[in-house]
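Close look at the chain arrangement
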Amino acid sequence: MGTLLIRPPGHRRDVALRPAATAMVWVGEGHPHETIAVPGVALADGDALVAVEMSTICGSDVHTVRGRRSAPTPLVLGHESVGRVIAIGDAGARTVDGTPLRIGDRVVWSVTVSCASCDRCLRGLPQKCRDLGKYGHDRVGAHGDLTGAFASHVQLREGTAIVRVPEALPAAVLAPASCATATAWAAVARAAKDHDLDGASVRIHGAGLVGLSAAAIAAEQGATVEVRDPNVDRQGLAARFGATRLDRDPDVVIEASGHAVQEALAGVAVGGTVVLVGSVFPADPVPFDAESIVRRLVTVAGIHNYTGAELAEAVAFLAGRGRAYPFADAVGAVRPLSEIDAALREATTPQAPLRIGLLPGQ
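Source: prediction; values computed, not measured. (Residues numbered from 1 in each chain as written. Predicted model: local features only at pLDDT ≥ 70, side-chain atom pairs only at ≥ 80, totals over all residues. Heavy atoms only, no water.)

Here's the deal with the side chain of N305
Inclusion rule: In DSSP terms, a helix is any run of H or I states spanning at least four residues, a strand is any run of E spanning at least two, and both are numbered starting from the N terminus. Any N or O atom pair separated by 3.5 Å or less is treated as a polar contact, with the protein-specific requirement of one donor-capable and one acceptor-capable atom, and with residues adjacent in sequence counted only for side-chain atom pairs.
Mapping N305 onto the fold places it in the loop between β13 (299-303) and α9 (308-319). A polar contact of 3.5 Å, which involves the side chain of N305, links it to the side chain of K134.

Section: the side chain of D61
Here is the rule we go by: Think of it in three bands: with a 1.4 Å probe and only protein chains considered, a residue is buried below 20% of the maximum accessible area for its type, exposed above 50%, and partly exposed in between. When charges are tallied, Lys and Arg are placed among the positive residues and Asp and Glu among the negative ones, while His and the ends of the chain are skipped. Whenever Lys or Arg places a side-chain nitrogen within 4 Å of a carboxyl oxygen from Asp or Glu, that contact is recorded as a salt bridge.
Looking at the element boundaries, D61 is found in helix α1 (residues 59-65). Buried and unpaired, D61 has R69 as its nearest opposite-charge partner, separated by 6.8 Å.

A short note on the layout of surface pockets
Rule in force here: Within this scheme a cavity is a closed region of a 1 Å grid, computed over the protein atoms alone, that accommodates a 1.4 Å probe without allowing it to escape, whereas a pocket is open but has protein on both sides within 12 Å along at least five of seven lines; lining residues each have an atom within 4 Å of a point. Grid points are joined across faces, edges and corners, and a volume is the space filled by probe spheres set on the points. Basically, the charged four are Asp, Glu, Lys and Arg, the nonpolar ten are Ala, Val, Leu, Ile, Met, Phe, Trp, Tyr, Cys and Pro, and anything else, Gly included, counts as polar. Boundary definitions for the domains trace back to an automatic or database domain assignment.
Counted as a void, the largest pocket has a volume near 1000 Å³. Of all the secondary-structure elements, those providing two or more residues to the lining of the largest pocket are α1, α5 (209-220) and β15 (355-359). If one sorts the elements of the lining of the largest pocket by residue count, α1 sits on top with 4 residues. In terms of residue class, the lining of the largest pocket is built from 18 nonpolar, 13 polar and 7 charged. Taken together, domain 1 (13-178 + 306-359) and domain 2 (180-302) each give at least three residues to the lining of the largest pocket, which thus spans both.

Things to note about the pattern of salt bridges
In total, this model carries 18 salt bridges according to the counting rule given. Its salt-bridge partner being R321, residue E220 comes within 2.7 Å of it at the nearest N-O pair. Within this pair, whereas E220 is found in helix α5, its partner R321 is found in the loop between α9 and β14 (331-336), the two being separated by 101 residues in sequence. Judged by relative accessible area, R321 falls into the exposed class, the value being 55%.

Observations regarding empty space enclosed by the protein
According to the stated counting rule, one finds 1 cavity of 30 Å³ or more in the structure shown. Approximately 30 Å³ is the volume found for the largest cavity. In terms of lining residues, the largest cavity is bounded by A172, V173, P176, T181, L209, L318, F327 and A330. Residues belonging to the lining of the largest cavity are distributed by class as follows: 7 nonpolar, 1 polar and no charged.

A word on the environment of R120
Convention followed: Residues count as neighbours in contact if any of their non-hydrogen atoms are within 4.5 Å of one another.
The residue R120 is located in helix α2 (residues 119-122) in this model. The class for R120 is partly exposed, based on a relative accessible area of 28%. Placed 10 residues apart in sequence, R120 and R130 show a C-alpha to C-alpha distance of 7.0 Å. Filtering out sequence-adjacent residues up to four positions away, R120 remains in contact with L125, P126, K128, C129 and R130.

Details of α5
Let me state the cut-off plainly: Here the expected span of a helix is defined as 1.5 Å times the quantity of residues minus one.
Under the 1.5 Å per step criterion, the end-to-end length of α5 is 16 Å for 12 residues, consistent within 8% with the ideal 16 Å. Judged by how many residues are buried, α5 sits mostly within the fold: 10 of 12 residues are covered. The complete set of buried residues in α5 reads L209, V210, G211, L212, S213, A214, A215, A216, I217 and A218. With its phi angle positive at about 100°, G222 sits one or two positions after the end of α5.

Digging into the domain arrangement of the protein
Let me state the cut-off plainly: By buried area we mean how much accessible surface two parts lose on assembly, using a 1.4 Å probe and totalling the loss over both.
For the protein, the domain assignment lists domain 1 (13-178 + 306-359) and domain 2 (180-302). If you average the C-alpha positions of domain 1 and of domain 2, the two centres end up 27 Å apart. Each partner contributes residues to the interface: domain 1 has 24 residues there, and domain 2 has 24 residues. Buried surface at the junction of domain 1 and domain 2, both sides included, amounts to about 2000 Å², of which 63% is carbon and sulfur. Connecting domain 1 to domain 2 are 2 salt bridges. Run the count over domain 1 and domain 2 and you get 9 residue pairs in polar contact (both at pLDDT 80 or more). In terms of residue count, α9 provides more of the side of domain 1 that touches domain 2 than any other element does, 6 residues in total. Class assignment for the residues of the side of domain 1 that touches domain 2 results in 15 nonpolar, 2 polar and 7 charged.

As structure tokens, then:
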């Protein structure tokens, strides 16, 4: 596949890549990915270039290629990755903790790119920036070709939340942090605004990686956690992530399946909180019993993506108390990046592992 090189405006530093970077470009439903070679990038002052160590396939990638989620084409999918910094723009870049980014740093990064100056960013909602960009979601061209994780390299734009990660943690643990783990952390943190989780009862619908991660996070904060999922194998896996059975109505319900919204709203205790996790949608509309919500004093909150601070907290959890849980086992299969179409088909099967990893250069 050919590519039209468009040089974005503003000061840029050209970085040649030898050998050329490669990216797997999705051109539309029903079509196989096409490989493009990217011999160089033009880094803006606050940009960074990362060589991908591993990427993982998220449910939203599957929804896109199956036509359940609209996306501009052509684009490079993928937004769960871990990699190493190999070039930085002339003005430098900083991690979420404020320290300068360095060549050689091993990092994960946010799915979103935010301006830091609009009203939403200033309110603490950078994931809903007025000028939002998203890795794995934006059409190639205006911001270069290395805009998604299903590639050998990703160009991180200024406004990306970048988190330095430990060398000792496996790539299989870290790659999903920039979607599944950080989203789970944001969901549990939202529930914790209403309830002290130490001693609370928490029910989670959905034993995908977001739901299981939320279970482990809530359990480590002292909650008794129950996970419900129609998939018997996934249900059994939940116990390894801290789940057990509840003996009373839950104070908190986290809906992380997209298919149990009504059950979540109906099942929460009086005065409880229901957190709906947007990463599992699209889902069918459901009736909303406003009277029941009002009379039971139920709070309903939505979580979609996360902040940079929440990504950093998710990584800290994985590097600390999260080591007690089998996050490394979530990536149940690893494929060469060149086999992306077969990997995506595998990810749609009922027996698919929680995540399939993709390795560039193989």
